[in-house]
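Residues per chain are reported as follows:
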Amino acid sequence: QVQLVESGGGLVQAGGSLRLSCAASGRTFSNYFMGWFRQAPGKEREFVGGISWSDGSTYYANSVKGRFTISRDNAKNTVYLQMNSLKPEDTAVYYCAVGREVTPSISEYDYWGQGTQVTVSS
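Residues numbered from 1 in each chain as written. Predicted model: local features only at pLDDT ≥ 70, side-chain atom pairs only at ≥ 80, totals over all residues. Heavy atoms only, no water.

(A) Structural detail: unusual backbone geometry. One non-glycine residue with positive phi stands out, namely Asn-77, at about 50 degrees. Residue classification places Asn-77 among the partly exposed residues on the basis of a relative accessible area of 22%. With a phi close to 50 degrees, Ser-85 is a non-glycine residue in the positive phi region. By relative accessible area, which is 42% here, Ser-85 ends up partly exposed. (Buried < 20%, exposed > 50% of the residue type's maximum accessible area, 1.4 Å probe, protein only.)

Shown next as structure tokens:
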């Protein structure tokens, strides 16, 4: 079994920054993809970005490209989402997930964290 735990959410003003962490336990993640998703009230869950566990390649949705950065710490089995220049529309619950390939499709992810709330005030 795989357990994912997100942390680091909170309340920030527009233009501020937050760093989210996703700690994984229960297995190794080589050749898997760690994705970040978010879901705002009344909206569907959307792909934010992700990182290949094997080679560190990163991918981002257009809405966050240039503002968010994903990184990994293999020794800690942890992935980070650094969020800069935050906007009110970034307000959502953020989730990390483990998938089998590089894809924005939520159906391809096998394990999910509990989510952490990010609120950006205007």
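On we go from here.
(B) The arrangement of the nonpolar core in detail. Leu-4, Met-34, Trp-36, Phe-68, Leu-81, Met-83 and Tyr-94 are the most contacted members of the largest nonpolar core, which totals 25 residues. At the level of secondary structure, the elements contributing two or more residues to this core comprise strand S3 (18–25), strand S4 (33–39), strand S5 (46–52), strand S7 (68–73), strand S8 (78–83), strand S9 (92–99) and strand S11 (116–121). Filtering out sequence-adjacent residues up to four positions away, Tyr-94 remains in contact with Glu-6, Leu-20, Phe-37, Arg-38, Val-48, Phe-68, Leu-81, Met-83, Gly-115, Thr-116 and Val-118. The next biggest cluster of nonpolar side chains, apart from the first, holds five residues, and it includes Phe-33, Phe-37, Ala-97 and Tyr-109. (Core = buried A, V, L, I, M, F, W, Y, C linked by side-chain atoms within 4.5 Å. Helix = DSSP H or I, 4+ residues; strand = E, 2+ residues; numbered from the N terminus. Contact = heavy atoms within 4.5 Å.)

(C) Highlighting the state of the cysteines. Within this structure, the stated rule accounts for one disulfide. Each sulfur of the disulfide joining Cys-22 and Cys-96 lies 2.0 Å from the other. On the S-S bond that ties Cys-22 to Cys-96, the torsion sits near 65 degrees, and the link is right-handed. Of this pair, Cys-22 sits in strand S3 while Cys-96 sits in strand S9; the two residues are 74 residues apart in sequence, bridging distant segments of the chain. (Disulfide = S-S within 2.5 Å.)

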